[in-house]
Amino acid sequence: MPTAIEIFKYLPKKNCGECKHPTCLAFAMALANNKAKVEDCPYISEEGKRALAASSAPPIRLVKVGSGRHAFEIGDETELYRHEKKFFHPTRYCVILNDDIADQELEERTLAVNRTKFERVGQIMAADMVAVRHVSGDAQRFARAVSVVAESTDLPLLLMSKDVPALEAAAGQISAKLPLLNAADKDNWALMATLAKRLKCPLVVREDRGLNELADLVAQVKGAGVDDIVLDFGASTLKELMERSTMVRKVSVKRTFRGLGYPVLVLALGPQAMLMATLATMKYGSIVALEELRPEQALPLFVLRQNIYTDPQVPIQVKPDLYPVNNPGEGAPVLFTTNFSLTYFTVLADIEKSKVPVWLQVVDTEGLSVLTAFAAGKLSAEHVQKALEKSGAKSRSKAGTLIIPGMVARLAPKLGEVTGMKVLVGPKESSGLPKFLKGL
Ligand code: SF4
């Protein structure tokens, strides 16, 4: 959104108050803070409305891919560096399957993509997309392969063919799934643009000669009426990927050039595929397509994505409550930890490993870890007592024993006083819990 002064230039300066603001400048300030709408002023010229709409458009267009529960959005990013605010739309991983694979194997490999998922700190991390690549040279075979894959997955599809009639036949049969069409290039862009417009599908625009040439091609495709564009700048080396991706993001979010303000597809192919995928995850790739994504490759990529796309100002949290672990009864002790997700899941895994029944009390520390919460005054004996009361811990555990993290051993005397429980100081590190619990 432009500043109030920039907006003010486009206002009629009548100061009539019909927008429910006393002056045009006050209205401009309200607009800049998203507290008013352009339509609230009946006197802005059409030219002014167009200029305001253009200058308030996001620097990188939001593009929706697919339909149904697995549809996702990419783009609409505003930052060059994550710590400045956060990145909004995580990188999506796509597995490429060639259309010359036999139907049964194609189905099995699609099902394997569906199964590529893990749970970490309470979040499901999964593969997002399947691509069908036209390598057979046979339009009918491509259409058949697309239909086999579409029947085997609810994930969005990327359809890869330079042959426009073949792409048209394949995409036409599944157009309701809003596949991403790949790709318009300097030779076929007019036909591709017509197809994307007719099917209302997003379109990849590919140009590997350089960003100037890509910008020219994007302008032609946009001029042909396609708005939902995804860029492929054809990087074939890590250096090219780094340079082109950074340049596209930089000129877009700094608004020095608007013509490349679109999400980016990176084809991570060849012997450096995993390095390309890793770099693309860190440097602004919206979709990364790979020829294989085995579980041992997927997990580190997913964890990297999770780390980069977590809001740095908001720790991942779990709900503060009392959780049974290893089927505890009334005789099981209570152990507390904080609601910082990483701490909770680490402690949970270590208690499960011990096989000792425990009631796990999660205390609300606004997502801070044990020592940080203690230092910030968000974890005290009173906080723990309040959490125990709220969850009814003492009525579910009659053992009267409270195990506390070794890091906050100094809370023990006060906790004994306010809770009336026997306080045991646990290990400093969660990894010591199995041995500690077995020794009780
Ligand atoms: Fe200014 Fe328009 Fe508001 Fe009147 S209605 S004060 S012209 S912004």
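All values derive from a computational prediction rather than experimental measurement.

Draft legend 1. Representation of the layout of surface pockets in the model. The volume enclosed by the largest pocket comes to roughly 450 Å³. Lining the largest pocket are 23 residues; nearest its centre among them are Arg92, Ile124, Ala126, Asp128 and Arg305. In terms of residue count, strand S5 (residues 123–126) provides more of the lining of the largest pocket than any other element does, four residues in total. Of the residues contributing to the lining of the largest pocket, the split by class is 10 nonpolar, seven polar and six charged.

Draft legend 2. Spatial organisation of the nonpolar core. Of all hydrophobic cores here, the largest spans 65 residues; its most connected members are Leu159, Leu181, Leu231 and Leu293. When residues no more than four places from it in sequence are discounted, the contact partners of Leu181 are Leu159, Leu167, Ala171, Leu195, Ala196, Cys201, Pro202, Leu203 and Val204. Counting 21 residues, the second-largest nonpolar core is a separate cluster that includes Leu322, Ala332, Trp359 and Ala381.

Draft legend 3. Geometry of unusual backbone geometry. The omega torsion of the bond from Asn182 to Ala183 falls at 5 degrees, within 30 degrees of zero and hence cis. Here Ala183 lies in strand S8 (residues 180–184).

Draft legend 4. Representation of helix H11 (residues 295–308). For H11, which comprises 14 residues, the first-to-last C-alpha distance of 20 Å matches the rise-based estimate of 20 Å (1.5 Å per residue) to within 8%. Those residues of H11 not exposed but buried are Gln297, Ala298, Leu301, Phe302, Val303, Arg305, Gln306 and Ile308. Residues of H11 that are buried sit in contact with strand S3 (92–98), strand S4 (117–120), S5 and helix H10 (273–282).

Draft legend 5. Representation of the sheet that holds strand S13 (residues 322–325) in the model. The mixed open sheet is built from five strands, whose spatial order is S13-S15-S14-S16-S17. Of all strands in the sheet, those with a lone pairing partner are S13 and strand S17 (422–425), marking the two edges. Strand-to-strand twist in this sheet, taken as the mean axis angle between neighbours without regard to direction, amounts to 30 degrees. Where strand S14 (residues 334–338) lies against strand S16 (residues 401–404), two bridges are found, and the strand directions are parallel. If you follow Val334 over to S16, its bridge partner there is Leu402. Its contacts with the sheet put helix H12 (residues 341–354) on S13, S14 and strand S15 (358–363), and the angle it makes with S14 is roughly 150 degrees. Along the sheet, helix H14 (residues 381–391) makes contact with S13, S14, S15 and S16, crossing S15 at roughly 120 degrees.

Draft legend 6. Local environment of a nonpolar patch on the surface. A grouping of Ile5, Leu25 and Met29 is seen on the molecular surface, where their side chains present a nonpolar patch of about 290 Å² in accessible area. Looking at where Leu25 falls in the secondary structure, it is placed in helix H2 (residues 24–32).

Draft legend 7. Structural context of the pairing of strand S12 (residues 287–290). Of the two faces of S12, both are covered, the one formed by Ile287 and Ala289 as well as the one formed by Val288 and Leu290. Of the strand pairs in this sheet, S3 and S12 are connected by four bridges, and their pairing is parallel. Looking across to S12, one finds that Val95 is bridged to Leu290. Relative to S12, strand S11 (residues 265–268) runs parallel, the two sharing four bridges. When the bridges of S12 are listed, Val266 appears paired with Val288. In the classification by handedness, the crossover that spans S11, the intervening H10 and the parallel S12 is right-handed.

Draft legend 8. How the structure looks around the side chain of Thr337. Along the chain, Thr337 turns up in strand S14. For Thr337, a relative accessible area of 2% translates into the label buried. In contact with Thr337, not counting residues within four places along its chain, are Thr343, Tyr344, Val347, Leu360, Gln361, Val362, Val363 and Val370.

Draft legend 9. Spotlight on empty space enclosed by the protein. Under the criterion given, the structure shown has three cavities of 30 Å³ or more. Considering only enclosed or pocket space, the largest cavity measures out at about 130 Å³ in volume. Here the residues of the lining of the largest cavity sort into eight nonpolar, five polar and two charged. Reported here for the second largest cavity is a volume of approximately 100 Å³. Split by residue class, the lining of the second largest cavity holds 10 nonpolar, four polar and two charged.

Rules used in this analysis
- Residues numbered from 1 in each chain as written.
- Predicted model: local features only at pLDDT ≥ 70, side-chain atom pairs only at ≥ 80, totals over all residues.
- Heavy atoms only, no water.
- 1 Å grid on protein atoms, 1.4 Å probe; cavity = no way out; pocket = protein on both sides within 12 Å on 5 of 7 lines; lining within 4 Å.
- Points joined across faces, edges and corners; volume = space filled by probe spheres on them.
- Helix = DSSP H or I, 4+ residues; strand = E, 2+ residues; numbered from the N terminus.
- Nonpolar A, V, L, I, M, F, W, Y, C, P; charged D, E, K, R; others polar.
- Core = buried A, V, L, I, M, F, W, Y, C linked by side-chain atoms within 4.5 Å.
- Buried < 20%, exposed > 50% of the residue type's maximum accessible area, 1.4 Å probe, protein only.
- Contact = heavy atoms within 4.5 Å.
- Expected span 1.5 Å × (residues − 1).
- Pairing = 2+ DSSP bridges.
- Axes fitted to C-alpha atoms, helices over the stretch in contact; angles between N-to-C directions.
- Patch = residues over 30% accessible without salt bridge, like charges linked within 9 Å, V, L, I, M, F, W, Y side chains within 5 Å.
- Areas by Shrake-Rupley, 256 points an atom, 1.4 Å probe, with all protein chains shown as cover.
- Salt bridge = Lys/Arg side-chain N within 4 Å of Asp/Glu carboxyl O.
- Right-handed = clockwise from strand over helix to strand, strands pointing away.

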